[in-house]
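# Inside the fold
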Protein chains: 2
Amino acid sequence: MAGTNKSRAASIGDGPAIILVEPQMGENIGMAARAMLNSSLGDLRLVRPRDVWPNPKSFHTASGADAVVDAARVFETTADAVADLNRVYAATARPRDMIKEVLTPRRGAAEMRSAVAEGDRIGILFGGERAGLDNDDIALADVVLQAPLNPAFSSLNLGHAVLIATYEWYQAGDETPSAHLPEGRTQPATKEELIGFFKRLEGALDDCGFMHVAEKRPIMVRNIRNIFQRANLMEQEVRTLHGIVSCLTKGRE
Amino acid sequence: MAGTNKSRAASIGDGPAIILVEPQMGENIGMAARAMLNSSLGDLRLVRPRDVWPNPKSFHTASGADAVVDAARVFETTADAVADLNRVYAATARPRDMIKEVLTPRRGAAEMRSAVAEGDRIGILFGGERAGLDNDDIALADVVLQAPLNPAFSSLNLGHAVLIATYEWYQAGDETPSAHLPEGRTQPATKEELIGFFKRLEGALDDCGFMHVAEKRPIMVRNIRNIFQRANLMEQEVRTLHGIVSCLTKGRE
């Protein structure tokens, strides 16, 4: 069903709202929106943005995530922005002397997935570029999110901070295998295909005298076979290698 | 020992070189440098950057990661940029029809840590803003890195793409507990302290008649105790709660 940009953003799901408190640069708001849509999130909330809203610079850096920028809502206070939520995370490098549980973004994302599955409405607070979240904002949160980073240079760009949280949210719900070969028209070669190529190559190498020292032939064969074994060849690649041997021997016959 | 910015960047370690192929916007190069230093990486390489290098815009968005920008090296070809490496990863959303293993950034980062521990020199290729890596660049890589993201909006900002890879690299070597309370002057309350507070509160509630229906008293006590049990109180917080009860009862005595 075709929908407007706004309805598309609104239909994105029940993931965390992203709440930027006193964001300064429109560019960063747009980058945050882009990072959100990269992770299928659409509920962007702004508390007292410094510049006039909507901000054309945000649409520019959103690079196509216009639906998220369009649907962003502006609030006067952080308390207003989180009023409809029942679980709030504060992303901050500095949980200054507060007794509040600190989670890595990875652990936090796993917990958020559980909370949303149980029907919780959740959000993540991010502070502005200059000073981050203040203690009163953090006190509104249930939990602090803090990314382990270079302790000598841990200050994140605002869009980057949003990306880490939203990326982890997406990963926590994703089941892509951690390693795979791209799907395509070709299959991994069978051992029969591989051994067929080995015999063809070894025959050609016998013909050209590459393995003329008989007592060295077995170890040379093993070494050459190991090179191609290690390559985890696809059947299409075995055909290519047959073609290479054919071509290289053509002139000699 | 004090060092120049350059030597600081160079001493950052043996993590992956970050190689940007035909990057266009200086801002994105600076953001990539910032993301690198956030993850203790310092070896930035640029292949045919569009604009003149050094680029003042890169220093601006690097926000203090000047050492990384300063130390960046420019190359004419991707082959030149990877010449000293022996394992190369290509970050791309589109491994277009190539038979090459695809890893998630998380799995890739774990593999990179192992490779570096074994003495490998590694690097990660990123394409420019407009078109990403081309097939000839990808063919120079051993493995493709592809972040699972919203299939309907998977195009990442260049700095964001670098951040995902470098963030995962850092996490793969980090041992921060996934959940903790900030270290401070206070300890979790013992059960003795907690029960001491319960008795104090319940006594005060008996005095003011809150629990005057005798048969309901046990369930009310359990419900109230559960509220405070769930809060995982610190000993400092138990003292605060004693103070609250003292203050609230003061007028009545």
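Provided above is the structure to which this section pertains.
The shown structure was predicted, so the numbers you read here are calculated from the model rather than taken from an experiment.

With respect to the helices, strands and loops of the structure, B:His160 is situated in helix H8 (residues 158-172). Sequence-distant contacts of B:His160, that is, excluding residues within four places in its chain, are made with A:Met31, A:Ala35, A:Gly159, A:His160 and A:Leu163.

With that settled, the discussion passes to the sheet that holds strand S6 (residues 122-126) of chain A. The eight strands are arranged S3(A)-S2(A)-S1(A)-S6(A)-S4(A)-S7(A)-S5(A)-S8(B) in an open sheet whose pairing can be described as mixed. What marks the edges here is a single partner per strand, and that holds for strand S3 (73-75) of chain A together with strand S8 (179-180) of chain B. Taken together, the two bridges between strand S5 (residues 102-103) of chain A and strand S7 (residues 143-145) of chain A define a ladder with parallel strand orientation. Each residue of the ladder has a partner; that of A:Val102, found in S7(A), is A:Val144. Across the sheet, helix H6 (residues 105-117) of chain A touches strand S4 (87-91), S5, S6 and S7 of chain A together with S8 of chain B, and the angle it forms with S4(A) is around 165°.

So, about the pattern of salt bridges. Where side chains of opposite charge bring their charged atoms close, a pairing between them can arise. Under the counting rule described, the total for this entry stands at 22 salt bridges over all chains. A salt bridge links B:Asp43 to B:Arg73; the nearest nitrogen and oxygen atoms lie 3.2 Å apart. Linking B:Asp43 in the loop between helix H2 (26-38) and strand S2 (44-47) with B:Arg73 in strand S3 (residues 73-75), this pair joins segments that are 30 residues apart in sequence. For B:Arg73, a relative accessible area of 39% puts it in the partly exposed group. A salt bridge links B:Asp206 to B:Arg217; its shortest N-O distance comes to 2.8 Å. A residue pair is termed long-range when its members are at least 10 positions apart, and B:Asp206 in helix H9 (residues 191-208) and B:Arg217 in helix H10 (residues 217-230) qualify at eleven residues. A single salt-bridge network, built from bridges that share partners, covers A:Asp43, A:Arg45, A:Arg73, A:Asp84 and A:Arg121.

To continue, consider the packing of aromatic side chains. One pass over the structure, following the stated rule, counts five aromatic pairs over all chains. For the pair A:Tyr167 and B:Tyr167, a centre-to-centre distance of 6.5 Å together with 85° between the ring planes defines the contact as edge-to-face. A residue pair is termed interchain when its members come from two chains, as with A:Tyr167 in helix H8 (residues 158-172) and B:Tyr167 in helix H8. Pair check on accessibility: A:Tyr167 and B:Tyr167 agree, each one buried. Between A:Phe197 and A:Phe198, the ring centres sit 6.5 Å apart and the planes meet at 50°, which makes this aromatic pair tilted. Across the pair, A:Phe198 and A:Phe197 agree in class, each one buried. Sitting above the plane of the B:Trp169 ring, B:Arg113 keeps its charged end 3.6 Å from the centroid.

Reading the values: the criteria
- Residues numbered from 1 in each chain as written.
- Chains lettered and ligands numbered in written order.
- Predicted model: local features only at pLDDT ≥ 70, side-chain atom pairs only at ≥ 80, totals over all residues.
- Heavy atoms only, no water.
- Helix = DSSP H or I, 4+ residues; strand = E, 2+ residues; numbered from the N terminus.
- Contact = heavy atoms within 4.5 Å.
- Pairing = 2+ DSSP bridges.
- Axes fitted to C-alpha atoms, helices over the stretch in contact; angles between N-to-C directions.
- Salt bridge = Lys/Arg side-chain N within 4 Å of Asp/Glu carboxyl O.
- Buried < 20%, exposed > 50% of the residue type's maximum accessible area, 1.4 Å probe, protein only.
- Phe/Tyr/Trp six-rings, centres within 6.5 Å; stacked < 30°, edge-to-face > 60°.
- Lys NZ or Arg CZ within 6 Å of the ring centre and 35° of its normal.

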